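Residue-level structural notes
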Amino acid sequence: MTAAVPHVIDGLYCYCHCSEHSSHYSLLECFQTDHAARCDICMSEATIAYEMSQDGASLSDIRDEADRTFGS
């Protein structure tokens, strides 16, 4: 899934806040390690990003959806 849209996944902040505890730059880094395999937030956010990108959504639209879904 993420291999199909790495440019989208790399453009997203990861809402499990791994930038704070694992020094990840973007959601893509979660999938370059084993972190995403055990994190429901990473998997859910990537699924949303993949599905929306397949429907033609822009990165901005995908970010907005991630903010609505996972933001506080």
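The structure this text deals with has already been given above.
First things first, this report covers the structure right here in the doc. From a predicted model like this one, the values you see are computed outputs, not experimental measurements. (Residues numbered from 1 in each chain as written. Predicted model: local features only at pLDDT ≥ 70, side-chain atom pairs only at ≥ 80, totals over all residues. Heavy atoms only, no water.)

Attention shifts here to the overall build of the protein chain. For the protein chain, the helix and strand inventory stands at 5 helices and 0 strands. Reading the protein chain from its N end, one meets helices and strands in the order α-α-α-α-α. Overall, the C-alpha framework of the protein chain stretches about 30 × 30 × 20 Å when taken along its three principal axes. Burial statistics for the protein chain: of 72 residues in total, 35% are counted as buried. Considering only intrachain contacts with a sequence separation of at least 6, the fraction spanning at least 24 residues in the protein chain is 45%. Working note: accessible area of the protein chain is about 4,300 Å², and carbon and sulfur atoms make up 47% of it. (Helix = DSSP H or I, 4+ residues; strand = E, 2+ residues; numbered from the N terminus. Buried < 20%, exposed > 50% of the residue type's maximum accessible area, 1.4 Å probe, protein only. Contact = heavy atoms within 4.5 Å. Areas by Shrake-Rupley, 256 points an atom, 1.4 Å probe, with all protein chains shown as cover.)

Attention now goes to the nonpolar core. In this structure, Ile9, Cys14, Cys16, Leu27, Cys30, Cys42 and Ala49 are the most contacted members of the largest nonpolar core, which totals 16 residues. Those elements giving two or more residues to this core turn out to be α1 (6-9), α3 (27-32) and α4 (40-54). Other than its neighbours up to four places away in sequence, Cys16 contacts His21, His35, Cys39, Ile41 and Cys42. (Core = buried A, V, L, I, M, F, W, Y, C linked by side-chain atoms within 4.5 Å.)

As enumerated under the stated definition, the model contains 2 salt bridges in all. We note a salt bridge from Asp34 to Arg38, for which the minimum N-O separation is 3.0 Å. Note on Asp34: relative accessible area 52%, which makes it exposed. For Arg68, the salt bridge goes to Glu65, with nearest N and O atoms at 2.9 Å. One end of the pair is Arg68 and the other is Glu65, both in helix α5 (residues 59-70) and 3 residues apart, which spans about a single turn. Overall, the relative accessible area of 58% leaves Arg68 in the exposed class. (Salt bridge = Lys/Arg side-chain N within 4 Å of Asp/Glu carboxyl O.)

As a packed pair, α4 and α5 sit with axes 10 Å apart at the nearest point and diverge in direction by 145°. Between α4 and α5 lies a crossing of right-handed hand. Facing α4, whose interface residues are Ile41, Ser44, Glu45, Ile48, Ala49, Met52 and Ser53, α5 presents Asp61, Ile62, Glu65, Ala66, Thr69 and Phe70. Broken down by class, the residue content of the contact of α4 with α5 amounts to 7 nonpolar, 3 polar and 3 charged. (Axes fitted to C-alpha atoms, helices over the stretch in contact; angles between N-to-C directions. Left-handed = near helix turned anticlockwise from the far one by under 90°. Nonpolar A, V, L, I, M, F, W, Y, C, P; charged D, E, K, R; others polar.)

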